[in-house]
Structure formats: C-alpha cells, structure tokens
Amino acid sequence: MATVSIPACSSALLLDIEGTTTPITFVKDILFPYIKEHLEDYLSTHWEEDECKQDVHLLKKQIEEDMKQNRACPVHTVDQTVHTDEEKAIREVVENVLWQMAADRKSTALKQFQGHMWRSAYASGRIKGEVYQDVVPSIRTWRARGLKVYIYSSGSVEAQKLLFGYSVEGDLLELFDGHFDTSIGAKVDAKSYERIAERIGCQPEEITFLTDVTRGKYVSNDNILRLVWCLSASKIT
C-alpha cells in the first residue's frame, strides 16, 4: 500500500476509482465483460422503454459529433441474419457500444448506458463492487480530520454509486460528500477541476486528487489542484 502526505492546505479530496479505490481487474474482468455478454439481450428487452431510448439517442448523438470532428467512428457491417428494422437498429447500437469500449472511449453517452446496464446486476447480487482493503479505514480517517471526500471518475455518477452502494464492504455511500463524472468535463481538462472547485465551494488549490495515473498530470496548470499518485487510497501521514 502506498502512503502519501496530504498537503496541509487540503480541505477536500477527489478520488479516482479504477486503480485507486478499486482494482483495475474488477473493471476489466467483471464489469466490462458483463456489458459485452448481455448487451444485445438488454437492448432487446428494454428497447421500447424511455430510459433505453434516451441512452440510444445519446449514443447516436455521440457518433454525429464524432463525424463532425472527423474522429474515428464504428463501421456497420452487413448481417444477413438481421431482418427487421428493430433488429438492425439494435445491432448498430451493439456495434457502437463494443467499438467505443474497444477504443477505451470515455464518452458520457457510453458511460451512462453502461451504468444503466450494471444497475440490475448490482441489485440482483450478481455483481458486488470491489474496493481495496485500505479504502474504508482511510476515508474514515480523512473524514474524522475534517476533510470532505468526493469521487471523480470517467464512469457515470450512477455507476459510481452502484459500485459503492453495493460493495463487498456493504453500502459505502455515506462516506462520500459527492460524485463527479465526465458531464462536468474530461479529467484532462483543467476547466473540469475549476468547475468542481466551484461546486464544492472551495479554492482549487485546496483540492487534492488521488489517482493511480502515473503518465503525468491530468492538467498542465499546477495552480488548478494538487495531484497525488497512489496505487490505492492511502493513509494520511
């Protein structure tokens, strides 16, 4: 377990999820495979429901935006087993989602759709959110010292709450003061952290971001917030 010193000026902590509070293997070996295995059945079952229609609409809007920006887009293949318009539409959404996942896209449309798929799996007990053993005691220590604790992850807020609400340690949602996802901006965008600071009600320099990312800082402006690299949630020293 990594041990880091939280800057004395910190009043709030932002925690990443994958590789920070939660093993990367949980995401790669459990959450993502669940989507791939149940994707087409889920769409067929929920196709006429308002929530699913909204998700599909956002996924299509994402493709339109990608095309405008000349970004890569999924290429639809001809499937002779597809006969009805609904089957064709569902297959296109399947290809879209699988393509975005393979490309490791962090689009809000994809993350929202994934969160809705995981909801039933968590509620039924088929999936339980994994957290490192030091996460809960560390957060309790931080909160006892007056620090506020927030989550900021590319996964949707709903997906975050499912992971911590249905975790192997029980319902952990009371440990967090709030959640942020890509709807507030990308983690590589300095403006995202300015918006978070405004929402939290503190100065950017009072926020410390704990993440496992080691390839460099998410933001180029050192005054936006302080970043602490760690392998998992770490004890205050």
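Read on for an overview of the structure. (Residues numbered from 1 in each chain as written. Predicted model: local features only at pLDDT ≥ 70, side-chain atom pairs only at ≥ 80, totals over all residues. Heavy atoms only, no water.)

**Structural notes on the overall build of the protein**
Put simply, the rule is: For helices the rule is a DSSP run of H or I covering at least 4 residues; for strands it is a run of E covering at least 2, with both sets numbered from the N terminus onward. Buried residues are those whose accessible area, probed at 1.4 Å on protein chains only, stays under 20% of the maximum for their type, while exposed residues exceed 50% and partly exposed ones sit between those limits. Residues are treated as being in contact if the distance between any of their heavy atoms lies within 4.5 Å. Every accessible area reported is derived by Shrake-Rupley at a probe size of 1.4 Å, with residue values counting cover from the shown protein chains alone.
Across its full length, the protein holds seven helices and five strands. What you see in the protein, going N to C, is helices and strands ordered as β-α-α-α-α-α-β-α-β-α-β-β. Counting the 237 residues in the protein, one finds 49% classified as buried. Looking at the protein alone, contacts between residues at least 24 apart form 72% of all its contacts between residues at least 6 apart. When the accessible surface of the protein is split by element, carbon and sulfur atoms take 48% of a total near 12,100 Å².

**Regarding the nonpolar core**
For clarity, the threshold we go by: What we call a nonpolar core is a set of buried Ala, Val, Leu, Ile, Met, Phe, Trp, Tyr and Cys residues that are connected through their side-chain atoms within 4.5 Å. Domain start and end points were adopted from an automatic or database domain assignment.
Leu15, Leu43, Val97, Trp118 and Trp142 are the most contacted members of the largest nonpolar core, which has 47 residues in total. Taken together, the elements giving at least two residues each to this core come down to β1 (12-15), α1 (24-46), α2 (50-68), α3 (85-102), α4 (108-123), α5 (135-144), β2 (148-152) and α6 (157-165). A per-element tally of this core places α1 first, with nine residues. Residues from two domains meet in this core; each of domain 1 (12-22 + 129-235) and domain 2 (29-124) gives at least three.

**Describing the packing of aromatic side chains**
As a reminder, the rule being used: For this analysis, a ring pair means two rings from Phe, Tyr or Trp (six-membered ring only for Trp) whose centres lie within 6.5 Å, classed as stacked if their planes differ by under 30 degrees, edge-to-face if by over 60, and tilted for the remaining angles.
Inspection of every chain in the model, using the stated rule, returns seven aromatic pairs. Seen from their ring centres, Tyr42 and Phe113 are 5.7 Å apart, and the 80° between their planes marks the pair as edge-to-face. Taken as a pair, Tyr42 in helix α1 and Phe113 in helix α4 lie far apart in primary sequence, 71 residues in all. By the burial criterion, Tyr42 is buried, and Phe113 matches it. An aromatic cluster of three or more residues is present, and its members are Tyr152, Tyr193 and Phe209.

**Quick notes on the pairing of β1**
Looking along a regular strand, one sees the side chains alternate between the two faces of the sheet. Using the following cut-off: When DSSP finds two or more bridges between a pair of strands, those strands are recorded as paired.
In β1, alternate side chains face the same way, and those of Ala12 and Leu14 on one face and Leu13 and Leu15 on the other are all buried. Here β1 runs beside β2; their pairing, made up of four bridges, is parallel. When the bridges of β2 are listed, Ala12 appears paired with Lys148.

**A closer look at the pattern of salt bridges**
Which entries qualify depends on this criterion: Every case where a carboxyl oxygen of Asp or Glu lies within 4 Å of a side-chain nitrogen of Lys or Arg is listed as a salt bridge.
Going through the model one piece at a time under the given rule, you end up with nine salt bridges. In this structure, Lys53 and Glu48 form a salt bridge, with 3.7 Å as the shortest nitrogen-oxygen distance. Lys53 sits in the partly exposed class, given a relative accessible area of 43%. With a relative accessible area of 53%, Glu48 lands in the exposed category. Between Glu194 and Lys191 there is a salt bridge whose closest N-O contact spans 3.5 Å. One end of the pair, Glu194, and the other, Lys191, are both in helix α7 (residues 190-200), three residues apart, so they sit about a helical turn from each other. Using a relative accessible area of 32% as the deciding quantity, one classes Glu194 as partly exposed. Put simply, Glu51, Arg119 and Glu158 are held in one network by salt bridges that share partners.

**A closer look at the packing of α4 against α6**
Short version of the rule: Here, axes are lines fitted to C-alpha atoms. For helices the fit covers the stretch in contact, and angles between N-to-C directions go from 0 to 180 degrees. Roughly parallel means an angle under 35 degrees; roughly antiparallel, over 145; roughly perpendicular, 65 to 115; everything else is oblique. Left-handed describes a crossing whose near helix is turned anticlockwise from the far helix through less than a right angle; right-handed describes the clockwise counterpart. Under the scheme applied, nonpolar residues are Ala, Val, Leu, Ile, Met, Phe, Trp, Tyr, Cys and Pro; charged residues are Asp, Glu, Lys and Arg; polar residues are all the others, including Gly.
Packing of α4 against α6 leaves a shortest axis separation of 9 Å and a crossing angle of 20°. The orientation of α4 with respect to α6, classified from their angle, is roughly parallel. Every pair of crossing elements has a handedness; the one defined by α4 and α6 is left-handed. Counting all contacts with α4, which are made through Gly115, His116, Trp118, Arg119 and Tyr122, the residues of α6 involved are Glu158, Ala159, Leu162 and Leu163. Across the contact of α4 with α6, the residue classes break down as five nonpolar, two polar and two charged.

**Things to note about the environment of Val135**
Inspection of the secondary structure puts Val135 in helix α5. Along the primary structure Val135 and Thr22 are separated by 113 residues, whereas in three dimensions their C-alpha atoms are 8.6 Å apart.

**Examining the environment of Cys52**
With respect to the helices, strands and loops of the structure, Cys52 is situated in helix α2. Look at Cys52 and you get buried, because its relative accessible area is 2%. When neighbours within four sequence positions are excluded, Cys52 is seen to be in contact with Leu43, His46 and Trp47.

**Things to note about the packing of α3 against α4**
Running from N to C, α3 and α4 point in directions that differ by 110°, and their axes come no closer than 11 Å. When the axis of α3 is compared with that of α4, the two are roughly perpendicular. Contacts between α3 and α4 involve Val97, Gln100 and Met101 from the first element and Leu110, Phe113 and Gln114 from the second. In the contact of α3 with α4, the residues fall into four nonpolar, two polar and no charged.

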